[in-house]
Amino acid sequence: MNLHRQWQAKLLATFCALAADPSAFAQIVVVDPFDQPAGGQSITTMLSVGTTGGYNSSTVSIAGVPGGSRRLFVVTTDPPPISSATVAVNNGAPGFSLDVSPGTWGWGGASYGDSGYPTGFSLDLGRFSAFRLENVTTENRIFVYLGITDQSEHGESLSFNVTQPITDGHVDFPLSLLELDDPAHSVDLTHIGHISFGIIEYTGGQTHIGSLKILPAPTAVPEPTKAAVLVAACLGLWAVSQSVAKRKR
């Protein structure tokens, strides 16, 4: 094979590798699909007259989530005569739900990683752009937040109001918008050891979440048109090489 043909072959191989290499496409990571434990996980707190707040929590071992366990928590305050709030996961079907009695302020969520640091996992978020609560459905307006902490106990969080009910949508928490809990100490995104999210129902109702995910950074994912160009270039170069070869015969 002469140098021209060798150059063609190498260039063709490079284009084809770029077009077909699956590692060039970053993947969405599912932190928790809320499909475990098999029998479900549920906690309830009730608040009656004369009390100032109700709180409950439960931690279970979950394969595949950061740290290998999930802690659910639920809070309710400001009662009518009796109020209640329930958090459940995989209760009859995969998903996370917060159910608060009408007219009641209720708060529930989940966390991953022990309350003491350093924790049992170290998650590298350097290639990612945002957390996402996927397949979210709400009955009323809600308040949502998400927090992360690295293994040096430095934390960031983001919270905002969702003013309209959602029907099977999603809520994103861009990493670029997270606010430092301690501005003097930046968070090491390559060693995150604690993740938590929470939802407040202002006036009762139900919120359902399908999964918690981490989205890849946009620059890490080639656009479909770019992938198509690579494939076209690969095929075009192959056609040119075949044409040149025929003329030389």
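Heads up: the structure comes first, above all this text.
Just so it is clear, the structure is predicted and the values come from calculations on it, not from any experiment. Sequence positions are assigned chain by chain, starting from 1 and proceeding in written order. Reporting of local features is limited, given that this is a predicted model, to residues whose pLDDT is at least 70; pairs of side-chain atoms are given and counted only at 80 or more, and all residues count toward the totals for whole chains, interfaces and linings. Neither water nor hydrogens contribute to the side-chain values; these are computed over all heavy atoms in the structure.

**Describing unusual backbone geometry**
- Here Gln 36 and Pro 37 are connected by a cis peptide whose omega angle stands at 0°.
- In the Ramachandran plot, Phe 34 falls in the positive-phi region, its phi being about 55° despite a non-glycine side chain.
- Secondary structure elements follow DSSP: runs of H or I no shorter than four residues count as helices, runs of E no shorter than two count as strands, and numbering proceeds from the N terminus. Relative to the elements of secondary structure, Phe 34 occurs in the loop between strand 1 (29–32) and strand 2 (41–48).
- The buried label applies to any residue whose accessible area, calculated with a 1.4 Å probe on protein chains only, is under 20% of its type's maximum; exposed applies above 50%, and partly exposed to all values in between. For Phe 34, a relative accessible area of 0% gives the class buried.
- Here Asn 135, not a glycine, exhibits a phi torsion of approximately 50°, which is positive.
- Along the chain, Asn 135 turns up in strand 8 (residues 128–138).
- The exposure class of Asn 135 is partly exposed, given its relative accessible area of 34%.

**What about the pattern of salt bridges?**
- The rule for a salt bridge is simple: a side-chain nitrogen of Lys or Arg has to be within 4 Å of a carboxyl oxygen of Asp or Glu. Taken as a whole, this structure holds four salt bridges when the rule is applied.
- Between Glu 134 and Arg 132 there is a salt bridge, and its shortest N-O distance comes to 3.9 Å. Taken individually, Glu 134 and Arg 132 each receive the classification buried, so the pair is uniform in this respect.
- Asp 172 is the partner of Arg 132 in a salt bridge, and the nearest nitrogen-oxygen pair spans 2.6 Å. With Arg 132 in strand 8 and Asp 172 in strand 11 (residues 169–174), this pair connects stretches of sequence that are 40 residues apart.
- When salt bridges that share partners are traced, they join Arg 132, Glu 134, Asp 172 and Lys 213 into one network.

**Quick look at the packing of aromatic side chains**
- Pairing of aromatic side chains requires ring centres within 6.5 Å, counting the rings of Phe and Tyr and the six-membered ring of Trp. Pairs whose planes differ by under 30 degrees are stacked, by over 60 edge-to-face, and all others tilted. In this structure the tally under the stated criterion is six aromatic pairs.
- Their ring planes at 80° and their centres at 5.6 Å tell us that Phe 73 and Trp 107 sit as a pair that is edge-to-face. Taken together, the positions of Phe 73 in strand 4 (residues 69–77) and Trp 107 in strand 7 (residues 105–112) put the pair 34 residues apart, joining distant regions of the chain.
- Given a relative accessible area of 6%, Phe 73 falls into the buried group.
- Through successive ring pairs, a cluster of aromatic residues spans Phe 34, Phe 96 and Phe 197.
- Working rule: Lys NZ or Arg CZ, within 6 Å of ring centre, within 35 degrees of ring normal, means a charge sits over the ring. Between Arg 141 and the ring centre of Tyr 202, over which it is positioned, the NZ or CZ distance is 4.0 Å.

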